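Each chain, letter by letter, is given below.
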Amino acid sequence: MSQKLLFTPLPLRSVVAPNRVVISPMVQYRATDGFANDYHLVHLGKFALGKAGMVFTENVAVEPRGRVTQGDLGLWSDAHIEDLRRVASFIKAEGALAATQITHSGRKGSTPRAFEGSVLNEQHAAKGWHPWEVVGPTADPVAPGWLRPRQLTAAEIGDLVARFAVAARRADAAGFDVLEIHGAHGYLLASFLSPISNTRNDAYGGDRAGRMRFPLEVARAVRAAWPAHKPLFFRVSALDGADGWNLDDTVVLAAELKAVGVDVVDCSSGGLTGVATAAPIKRAPGFQVPFAARVRREAGIKSMAVGLILDGPQAEAILQAGDADLIAIGRQALFEPFWALHAAQALGCDPDWTMWNPEYGWWLDKREHTLGRK
């Protein structure tokens, strides 16, 4: 069996990812009042059965108005812990690291599910979905037709910093190994970073240092609340998609995040003035890898690459080039839940099906013999 970087363990503080394949947070819109259920167990459990090294839940909101939609997960109360613990326990029992992402939607909250439009209307009200207050750095909406946010006061910003920290403690109580702060895609923290959406003239606006203040306060508070032996990630939009925040800014932020104890920067892009992942550049396989590469090299921090990474050889080439430390798979995993195992076979790492659970691998190896392939 040839060893490849994609299937080399990666130590992160006191935990070890068994391989470099990460299932990215992917919202599913199936929660009620923020609670996980059997759908989430099955949805996320199949990626653990597929032997990804790390499996992220979708984002979990730090307060009810921090949800993007009615169907998002939450960690704004202790009552949410037990159902998420069940999910994390299954992921870990299958050998993967269990991870979750804490977030606040900011001015992009109170929307329908992605495939049902961008603003709640009468049709949604008929289903019992009603809008709630959204907040942001200013009172400017995402775009015409979106809800108008209320501008946060400095005191309210301080309260939200505390809410992120409390959510981190709840994530630990639920048994997660890895925690990520969502600072991308135009949600609350990202909206403070960009000069397009943040035109405040107080300590939380103005120059880049002022616009970074709130996200860095969150990172510092979460790092203090999250156990020192567990790794902390931060997701960024390396480019905001509106010609405001750029890659130079991201490198500076990444260095500051490293200084406050963040371990990995998850490099996405876009979303400031539209749907969550509206890309600022043409989409093509690996289109965001250069962001992860530059952050890794210039900020001196581990990075995670994401964005149309479709197969094992492509992922292995990214790692071999030194462009990232981890490979995040999103929509391709929806199409191919056992992506990691298929990647191992494509790279020649598992000719005898031994990486698979024996309940699967024994029978699949037997099938190969039956078909005369071995």
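Residues numbered from 1 in each chain as written. Predicted model: local features only at pLDDT ≥ 70, side-chain atom pairs only at ≥ 80, totals over all residues. Heavy atoms only, no water.

This part takes up the overall build of the protein chain. The helix and strand inventory of the protein chain stands at twelve helices and 13 strands. The C-alpha radius of gyration computed for the protein chain amounts to 20 Å, which stays within 12% of the reference 21 Å derived for 374 residues, consistent with globular compactness. Dimensions of the protein chain along its principal axes, counting C-alpha atoms only, are 70 × 50 × 40 Å. Here the protein chain, with 374 residues, has 59% of them falling under the buried criterion. With the model as given, the accessible surface of the protein chain reaches about 14,400 Å², and the carbon-plus-sulfur share is 54%. Of the side chains in the protein chain, 40 bear a positive and 39 a negative charge, and the two mean positions are spaced by 1 Å. (Helix = DSSP H or I, 4+ residues; strand = E, 2+ residues; numbered from the N terminus. Rg over C-alpha atoms; globule rule 2.2 N^0.38 Å. Buried < 20%, exposed > 50% of the residue type's maximum accessible area, 1.4 Å probe, protein only. Areas by Shrake-Rupley, 256 points an atom, 1.4 Å probe, with all protein chains shown as cover. Lys, Arg positive; Asp, Glu negative; His and termini not counted. Charge placed at Lys NZ, Arg CZ, Asp CG, Glu CD.)

Of all six residues in strand 9 (residues 178-183), six are buried, a share of seventy percent or more. Here strand 9 shows two buried faces, one formed by Val-178, Glu-180 and His-182 and the other by Leu-179, Ile-181 and Gly-183. Here four bridges tie strand 6 (residues 97-103) to strand 9, and the two strands are oriented parallel to one another. Residue pairing across strands places Gln-101 opposite Glu-180, the latter belonging to strand 9. Here strand 9 pairs with strand 10 (residues 232-237) via five bridges, running parallel. Paired with Gly-183 across the bridge in strand 10 is Val-236. (Pairing = 2+ DSSP bridges.)

Look at helix 2 (residues 81-93): 18 Å from first C-alpha to last across 13 residues, which is about the 18 Å you get at 1.5 Å a residue. Along helix 2, the residues classified as buried are Ile-81, Leu-84, Val-87, Ala-88 and Ile-91. One side of helix 2 holds all its buried residues, which, seen down the axis, span an arc of 130°. Looking at the buried residues of helix 2, the elements they touch are helix 1 (38-49), strand 4 (54-61), strand 5 (73-74), strand 6 and helix 4 (154-173). Of the residues trailing helix 2, Gly-95 is marked for its positive phi of about 100°. (Expected span 1.5 Å × (residues − 1). Arc of directions from axis to C-beta. Contact = heavy atoms within 4.5 Å.)

The tally for this structure, following the rule as stated, stands at 24 salt bridges. When the shortest N-O distance is used, the salt bridge between Arg-200 and Asp-202 registers 2.6 Å. For Asp-202, a relative accessible area of 31% gives the class partly exposed. Put simply, Glu-63, Arg-65, Glu-133, Arg-150, Glu-156, Asp-159 and Arg-163 are held in one network by salt bridges that share partners. (Salt bridge = Lys/Arg side-chain N within 4 Å of Asp/Glu carboxyl O.)

What follows covers the packing of aromatic side chains. All chains considered together, the criterion is met by six aromatic pairs. Between Trp-353 and Trp-356, the aromatic rings sit 5.4 Å apart at their centres with planes inclined by 50°, giving tilted as the arrangement. Accessibility assignment for this pair places Trp-353 and Trp-356 in one class, buried. What links up through ring pairs into an aromatic cluster is the set Phe-338, Trp-353, Trp-356 and Tyr-360. Sitting over the face of the ring of Phe-47, Lys-46 holds its NZ or CZ atom 4.8 Å from the ring centroid. In this arrangement the basic side chain of Arg-67 is found over the ring face of Trp-132, its NZ or CZ atom lying 4.5 Å from the centre. (Phe/Tyr/Trp six-rings, centres within 6.5 Å; stacked < 30°, edge-to-face > 60°. Lys NZ or Arg CZ within 6 Å of the ring centre and 35° of its normal.)

With that out of the way, let us pick up helix 4. Across its 20 residues, helix 4 extends 29 Å between first and last C-alpha, which sits within 8% of the 28 Å expected from 1.5 Å per residue. Looking at helix 4, one finds that the buried residues are Ile-157, Leu-160, Val-161, Phe-164, Ala-165, Ala-167, Ala-168, Arg-170 and Ala-171. Lining the buried residues of helix 4 we find helix 2, strand 6, strand 9, helix 5 (188-193) and helix 6 (208-225). Just downstream of helix 4 lies Gly-175, where phi reads positive at about 95°.

Most of strand 11 (residues 264-268) is tucked away, with five of its five residues classed as buried. Burial along strand 11 is two-sided: Val-264, Asp-266 and Ser-268 and Val-265 and Cys-267, pointing in opposite directions, are all buried.

We now examine the environment of Thr-273. Its location among the elements puts Thr-273 in the loop between strand 11 and helix 8 (289-299). Here Thr-273 falls in the partly exposed class, since its relative accessible area comes to 39%. Note: C-alpha distance between Thr-273 and Ile-196 (77 residues apart in sequence) is 9.2 Å. Excluding its chain neighbours within four sequence positions, the residues that come into contact with Thr-273 are Val-142, Ala-143 and Ala-242.

Moving on, we get to unusual backbone geometry. If you check the backbone angles, Ser-110 has positive phi at about 60° while not being a glycine. For Ser-110, a relative accessible area of 1% translates into the label buried. Unlike most non-glycine residues, Trp-353 shows phi in positive territory, near 65°. Position of Trp-353 among the secondary structure elements: in the loop between helix 11 (339-346) and helix 12 (358-370).

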